[in-house]
Amino acid sequence: MMNLKKFIKEKAIEVGLDIIGFCSSEPFHEMKEYLVLRKQKGYVTEFESIDIESRINPKKIMSSAKTIIAAGLSYNIDFNNNDKENILQGRLSKSSWGIDYHNVLYGKLESLVSHLKKIKDIEYKIFVDTGPLVDREIAKRAGIGWYGKNCLIINDEYGSFIFIGYIITNLEIEVDSESVSNCGNCRLCLDACPTKALEDDYILNPKKCISYLTQTKEKIPYELRDKMNTKIYGCDTCQLVCPKNKNARKGKTKEFIPKVTGGYLDIVEMFNLSNKEFKRKYGHMAGSWRGKNILKRNCIIALGNLRDKRAIELLSKALGDSSLMIREYSAWALMKIDRKLGKKMLLSHLEKEKSIEIKEEIHKLIDYFDRIVD
Ligand code: SF4
């Protein structure tokens, strides 16, 4: 009789998956307390399901669920960043370097299923970041990796730059043993986090995490904008300092090579592209899922943090943008680059500004910058 687990493992390599593991679909009861606590602390982000039951019970998603096949795909791509020093540019995290991993990883999991279908009648559901279950818990249970103190899953061979996807199946397959955390006394990620979003070992306040901030539509507090530096999408800091990534095996998935961006976005270009042009050029990358305006907002924050006077003209024009968000952040960036000139420009802009909200924001900004000392 064919060994099903061996067959899946072989096919996983064939379709280009880096890591594969198996776990039961028993409810993740141990997660319940943690999720309730997170809710109480106000840590639930707009990207998560608030229904705790559906977050812990795979059978709520597929009643015939038996074994979950978990997969990891490394995006730790060797690529020499072509940092063009003379242009105003912002950084993209490695997770948004190439083609959207949702499509790439989903495609590989689909190919794996099509191999399985040839030998078995199977019921299944594939998820890459989309289901209500906590994919990191699945990865941990399936032995894909262990939780680092930065709350990311770390694989012994590939480190933490891995995307996780899984297939809930009705198949009976021998499961793997769970991974155990292995950070030891290291706390480098907690020390390096620019916003101190890692509040303690294994405790992340997502509302302070720069990766979340670059994606949220909520108003970003001024103090946190300062810490975003020139990050336009995502943040790699806690992974870049992690010793477990130092000698990790590199990813080989060609789709993750940043052929179009080189890992950077040209900020001036982001001011000039129409939505359609943006979609055509950057629609393939994971970081574009929130649309152009959120990235443009992050570009404006980057301009404020770069404090490069070349940006003043661009930002002054953006004060007349039709989007309230773009006007609001441009006002902040102008104050950040040159407080005296910024104040003069904002006071003059107040005479033509129609929105009460923006007028109030400008007064708040002037007050704020008058109070702080550089
Ligand atoms: Fe663990 Fe250190 Fe890596 Fe943080 S930097 S995840 S503490 S090994």
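Computed from a predicted model, the values in this text were never measured in an experiment.

Asks: Honestly, the overall build of the protein chain in this entry has me stumped. Any pointers?
Replies: Secondary structure summary: the protein chain contains 16 helices and 11 strands in total. Computed over its C-alpha atoms, the radius of gyration of the protein chain comes to 23 Å, within 12% of the 21 Å expected for a compact globule of 374 residues. Structurally, the protein chain occupies a C-alpha span of about 80 × 40 × 40 Å along its principal axes. Classification of the 374 residues of the protein chain by burial places 55% in the buried group. About 18,200 Å² of surface is accessible on the protein chain, with carbon and sulfur atoms providing 50% of the total. Across the protein chain, 63 positive and 51 negative side-chain charges occur, with their mean positions spaced 3 Å apart.

Asks: Sorry if this is basic, but what is going on with unusual backbone geometry here?
Replies: One non-glycine residue, Cys 151, adopts positive backbone phi at about 70°. Turning to its location among the elements, Cys 151 is positioned in the loop between strand S5 (146-147) and strand S6 (153-154). Despite not being glycine, Tyr 202 shows a phi value in the positive range, around 65°. Mapped onto the elements, Tyr 202 comes out in the loop between strand S8 (198-200) and strand S9 (203-204).

Asks: Quick question: what am I supposed to make of the site of the ligand here?
Replies: Neighbouring residues of the ligand: Gly 148, Lys 149, Asn 150, Ile 154, Cys 183, Cys 186, Leu 188, Cys 189, Cys 242, Pro 243 and Lys 244. Of the residues belonging to the shell around the ligand, the class tally is seven nonpolar, two polar and two charged.

Asks: How should I be thinking about the pairing of strand S2 (residues 67-74) in this particular structure?
Replies: Looking along a regular strand, one sees the side chains alternate between the two faces of the sheet. Counting buried positions over the eight residues of S2 gives eight, a clear majority of the element. The two faces of S2 match: Thr 67, Ile 69, Ala 71 and Leu 73 on one face and Ile 68, Ala 70, Gly 72 and Ser 74 on the other face are all buried. Pairing between strand S1 (residues 19-24) and S2: six bridges, direction antiparallel. Looking at S2, one finds that Gly 21 is bridged to Ala 70. As paired strands, S2 and strand S7 (residues 162-169) are joined by eight bridges and run antiparallel to one another. Bridge pairing links Ala 70 to Tyr 166 in S7.

Asks: How do you make sense of the nonpolar core when you look at a structure like this?
Replies: Most often, soluble globular proteins keep nonpolar side chains buried together rather than apart. By size, the foremost hydrophobic cluster in this structure holds 61 residues, and its most contacted members are Leu 265, Phe 271, Leu 295, Leu 303, Leu 315 and Leu 346. Tallying contributions element by element places helix H14 (residues 324-337) first for this core, with nine residues. Not counting chain neighbours up to four residues away, the residues in contact with Leu 346 comprise Leu 319, Ala 331, Leu 334, Met 335, Ile 362 and Ile 366. Listed in part, the 30 residues of the second largest apolar core include Phe 7, Leu 17, Tyr 75 and Ile 167.

Asks: Looking at this structure, how should I read the pairing of S7?
Replies: Counting buried positions over the eight residues of S7 gives eight, a clear majority of the element. By the alternation rule, side chains of S7 split into Ile 162, Ile 164, Tyr 166 and Ile 168 and Phe 163, Gly 165, Ile 167 and Thr 169, which are all buried. Note: strand S4 (residues 124-127) against S7, four bridges, orientation antiparallel. Residue pairing across strands places Phe 127 opposite Tyr 166, the latter belonging to S7.

Asks: Sorry, what's going on with the packing of aromatic side chains here?
Replies: Each aromatic ring pair is characterised by the separation of its centres together with the angle its planes make. Applying the stated criterion across every chain yields a total of nine aromatic pairs. Taking the centre distance of 4.1 Å and the plane angle of 20° together, the rings of Tyr 75 and Phe 163 count as stacked. With a gap of 88 residues between them, Tyr 75 in the loop between S2 and strand S3 (89-92) and Phe 163 in strand S7 connect regions that are remote in the sequence. Note on Phe 163: relative accessible area 6%, which makes it buried. The ring of Phe 161 is capped by Lys 94, whose NZ or CZ atom sits 5.2 Å from the centre of that ring. The aromatic ring of Phe 28 is capped on one face by Arg 141, whose charged end is 3.7 Å from the ring centroid.

Asks: What is the right way to look at the side chain of Ser 160 in this model?
Replies: The residue Ser 160 is located in the loop between S6 and S7 in this model. Assessed through its relative accessible area of 4%, Ser 160 is described here as buried. A polar atom in the side chain of Ser 160 sits 2.6 Å from the side chain of Gln 239. Residues within four places of Ser 160 in sequence aside, it is in contact with Tyr 75, Leu 152, Ile 153, Ile 154, Gln 239 and Asn 245.

Asks: Help me out: how do you make sense of the environment of Gly 90 in this one?
Replies: By the element assignment, Gly 90 lies in strand S3. Residue classification places Gly 90 among the buried residues on the basis of a relative accessible area of 0%. With 175 residues separating them along the chain, Gly 90 and Leu 265 place their C-alpha atoms 5.3 Å apart. Beyond its immediate chain neighbours, meaning those up to four positions away, Gly 90 contacts Thr 230, Ile 232, Gly 263, Tyr 264, Leu 265 and Ile 267.

Asks: Whenever I open this one, the sheet that holds S4 confuses me. Can you help?
Replies: The antiparallel open sheet is built from four strands, whose spatial order is S1-S2-S7-S4. Every interior strand has two partners, whereas the edge strands, S1 and S4, have only one. Taken over all neighbouring pairs, the strand axes of this sheet differ in orientation by 20° on average, direction set aside. Against the sheet, helix H1 (residues 4-14) engages S1 and S2, with an angle of about 145° to S1. Along the sheet, helix H4 (residues 101-119) contacts S1, S2, S4 and S7; its crossing angle with S7, the most-contacted strand, is approximately 35°.

Scoring rules and cut-offs
- Residues numbered from 1 in each chain as written.
- Predicted model: local features only at pLDDT ≥ 70, side-chain atom pairs only at ≥ 80, totals over all residues.
- Heavy atoms only, no water.
- Helix = DSSP H or I, 4+ residues; strand = E, 2+ residues; numbered from the N terminus.
- Rg over C-alpha atoms; globule rule 2.2 N^0.38 Å.
- Buried < 20%, exposed > 50% of the residue type's maximum accessible area, 1.4 Å probe, protein only.
- Areas by Shrake-Rupley, 256 points an atom, 1.4 Å probe, with all protein chains shown as cover.
- Lys, Arg positive; Asp, Glu negative; His and termini not counted.
- Charge placed at Lys NZ, Arg CZ, Asp CG, Glu CD.
- Near = heavy atom within 4 Å.
- Nonpolar A, V, L, I, M, F, W, Y, C, P; charged D, E, K, R; others polar.
- Pairing = 2+ DSSP bridges.
- Core = buried A, V, L, I, M, F, W, Y, C linked by side-chain atoms within 4.5 Å.
- Contact = heavy atoms within 4.5 Å.
- Phe/Tyr/Trp six-rings, centres within 6.5 Å; stacked < 30°, edge-to-face > 60°.
- Lys NZ or Arg CZ within 6 Å of the ring centre and 35° of its normal.
- Polar contact = N/O pair within 3.5 Å; in protein donor to acceptor, adjacent residues only side chain to side chain.
- Axes fitted to C-alpha atoms, helices over the stretch in contact; angles between N-to-C directions.

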